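Structural characterization, general
Listed below are the residues making up each chain.
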Amino acid sequence: MLLKQTLLYLPAQVVGPLFQLIAMVVWTHIVDEKTVGVITLITATHELLQIGFISWWSQYALRFFGRFLDGDESRQSFYRTENAVLLGSVLGQSTIVVAILLLLIAPDASPALLIAVVAYVVSRSLNLYIGERARVQHQIGVYSVQQIVGPAVGFVLGVALIRILGHEPEWPLAGYAVAQFVAVAAVLPKIGHGYRLWPVDRKIVRHSLQYGIPLIIGGALGWVGLNASRFIVDEMQGVAAAGLFAVGYGLGQRAAAVAAMLVTAAAYPIAVRQMEEGGSTAAMRQLADNSALLVAILAPSVVGIYMLRTEFVQLLIAKPFQQVTLAILPLSVLAGAIRNFRAHFGDQVFLLHSRTGLLTVVAAIDAVTTVIASVVCIWLWGIVGGAVAAVLSAALAAGASFAIGFLRFGLTLPLGHLLRIVPAAALMALVLNALPPAENYLALFAHIFAGAAVYSIVLATLYVPTLFKLLRPRTQQSEA
């Protein structure tokens, strides 16, 4: 089931995040450091607002929406409450993002930038929420539209607007906003929803807040862990430095997220179903299986980016950004891999057991370490210190999350799978190290293909005995 669902979700998990990576590369060639800095700070700010205003409700819907599908009255009650939460969310986010923009990011922001930012925040919030709700009901087509149209079509529109109207940050944001609103309008006939805001179901509100308030706190702290270094670089070295930092840091985080998302969209809903039907033991076993697939994707991604980092940067990134990106990229992708492994393995234990308060503890470790380490490391090593701090904080928080999961909830590592994945990734690294440096795009793609081929062949070979064991009972049954 996990493999089948993963393959069905694969287009959405590849295309949307891939265009986010492409956008980060293209911006370095068509806009300056200041514009990149403003765009990345706006998107980072929205991620924080999303956590405070709607992510807690998204997680509640992902975990419990299935319980409201049995009767029309319960379903309509959920829809009314959902509409009220969404309306309050977009109003609150719009107000706060304008204040942050004017006070901290761009005090001289034009009316066009203000409108573009609000439109981006509202449309992106709706995209993300609809996508999460679609996962609950396995509406893969709806989820795919939300994941693909905004990043892909929005990027194309943004580039066109930059070419036509200028290099100001409002134009790429406006391109994304238009595409995201189109994605919302396209799927509304396909998803269940209501048209009323009242009466709100107080029982749902109480339950969602009880489940969600720790997620708000933990999510906000997690945002600090992920993004504080961006703002500290901005404060200590200026918005242009924040733009330089954003490229290498953003590429590494995005690359790790893209790799993780290849397998995570389908994985958590299956674990939820196991928890509802088979209890904690079945859910923990499913999480271990999920994590094996996650490591099998993350390991070659981190190794490949590290081994090919020079070729990636020299061929893809504009010259003004190359030196800093080359130093930051391997650290950032490592931090991103650790964070994604924690988020989609260790932290999911707390969600499944409705112990969301423990997420706050782990996120607090991440946030405090990030802030302190960022200030110290940036003071010692400049822009690159922000990436060093990210690795330190990610590792410490992940260690805390895994320790709690192993000791209190019976979480286990898939050691048998890891013993196959590690040598496959190591052999891939040896092959990539032996290849001559790639001097053009064709050679780079050839190196990527060679590394992927070696890893896949070695991993498949190591799994041959397991496949024979799985196939033997079926063969015996057919002969009988």
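Residues numbered from 1 in each chain as written. Predicted model: local features only at pLDDT ≥ 70, side-chain atom pairs only at ≥ 80, totals over all residues. Heavy atoms only, no water.

Structural notes on the overall build of the protein chain
Counting secondary structure elements, the protein chain contains 15 helices and zero strands. Residue burial in the protein chain is summarised as follows: out of 480 residues, 53% are buried. Residue pairs at least 24 apart in sequence account for 82% of intrachain contacts in the protein chain once pairs closer than 6 positions are excluded. Working note: accessible area of the protein chain is about 21,000 Å², and carbon and sulfur atoms make up 69% of it. (Helix = DSSP H or I, 4+ residues; strand = E, 2+ residues; numbered from the N terminus. Buried < 20%, exposed > 50% of the residue type's maximum accessible area, 1.4 Å probe, protein only. Contact = heavy atoms within 4.5 Å. Areas by Shrake-Rupley, 256 points an atom, 1.4 Å probe, with all protein chains shown as cover.)

A few points about the confidence of the model for the protein chain
Looking at the protein chain, the pLDDT average stands at 82 and 89% of residues meet or exceed 70. Here residues 473–480 is modelled with pLDDT under 50, and outside its nearest four sequence neighbours on either side it reaches zero contacts, counting other chains as well. (pLDDT = per-residue confidence, 0-100.)

Observations regarding the packing of aromatic side chains
For the coordinates displayed, the defined rule picks out eight aromatic pairs. Centroid distance F350 to F409: 6.2 Å. Interplanar angle 65°. Geometry classified as edge-to-face. Taken as a pair, F350 in helix α10 (residues 319–352) and F409 in helix α12 (residues 384–409) lie far apart in primary sequence, 59 residues in all. Its relative accessible area of 0% is what places F350 among the buried residues. Taking the relative accessible area as the measure of exposure, F409 reaches 13% and is therefore buried. Feature note: the residues F341, F345, F402 and F406 constitute an aromatic cluster, connected by ring pairs. In this structure, R309 is placed above the aromatic ring of Y306, and the distance from its NZ or CZ to the ring centre is 4.2 Å. (Phe/Tyr/Trp six-rings, centres within 6.5 Å; stacked < 30°, edge-to-face > 60°. Lys NZ or Arg CZ within 6 Å of the ring centre and 35° of its normal.)

Some words on the environment of A282
Looking at where A282 falls in the secondary structure, it is placed in helix α8 (residues 239–307). In sequence terms A282 and V272 are ten residues apart; their C-alpha atoms lie 10.0 Å from each other.

Overview of the environment of I328
Within the secondary structure, I328 is located in helix α10. With residues up to four places along the chain from it excluded, the contact list for I328 reads F245, G248, Y249, I383, V384 and A387.

Focus: the packing of helix α9 (residues 309–316) against α10
One way to put it is that α9 packs onto α10 with a least axis distance of 10 Å and a crossing angle of 145°. Judged by the twist between their axes, the crossing of α9 over α10 is right-handed. Of the residues in α10, those touching α9 at R309, T310, V313 and Q314 are Q322, T325, L326, L329 and P330. Per-class residue counts for the contact of α9 with α10 are four nonpolar, four polar and one charged. (Axes fitted to C-alpha atoms, helices over the stretch in contact; angles between N-to-C directions. Left-handed = near helix turned anticlockwise from the far one by under 90°. Nonpolar A, V, L, I, M, F, W, Y, C, P; charged D, E, K, R; others polar.)

Structural notes on the nonpolar core
Formed by 114 residues in total, the largest nonpolar core has its most connected members in W27 and W57. Looking at this core, the element that brings in the most residues is α8, giving 24 residues. In contact with W27, not counting residues within four places along its chain, are V36, F155, V159, I162, P172 and Y176. One finds A134, Y143, V184 and I191 within the second-largest nonpolar core, a separate group that totals seven residues. (Core = buried A, V, L, I, M, F, W, Y, C linked by side-chain atoms within 4.5 Å.)

Thoughts on the pattern of salt bridges
Counting across every chain of the model gives three salt bridges. Between R342 and D347 there is a salt bridge, with its nearest N and O atoms 3.0 Å apart. No difference in accessibility class separates R342 from D347, as the two residues are buried. When salt bridges with common partners are traced through the structure, they connect R339, R342, D347 and D366 into a single cluster. (Salt bridge = Lys/Arg side-chain N within 4 Å of Asp/Glu carboxyl O.)

Here's the deal with the environment of F19
Turning to its location among the elements, F19 is positioned in helix α1 (residues 2–30). In contact with F19, other than residues within four places in its own chain, are P151, A152 and F155.

Topic: the packing of helix α7 (residues 202–237) against helix α11 (residues 357–381)
Between α7 and α11, the shortest axis-to-axis distance is 7 Å and the interhelical angle comes to 5°. Viewed along their axes, α7 and α11 adopt a mutual orientation that is roughly parallel. When the residues that make up the contact of α7 with α11 are grouped by side-chain class, the tally is 17 nonpolar, nine polar and one charged. (Parallel < 35°, antiparallel > 145°, perpendicular 65-115°, else oblique.)

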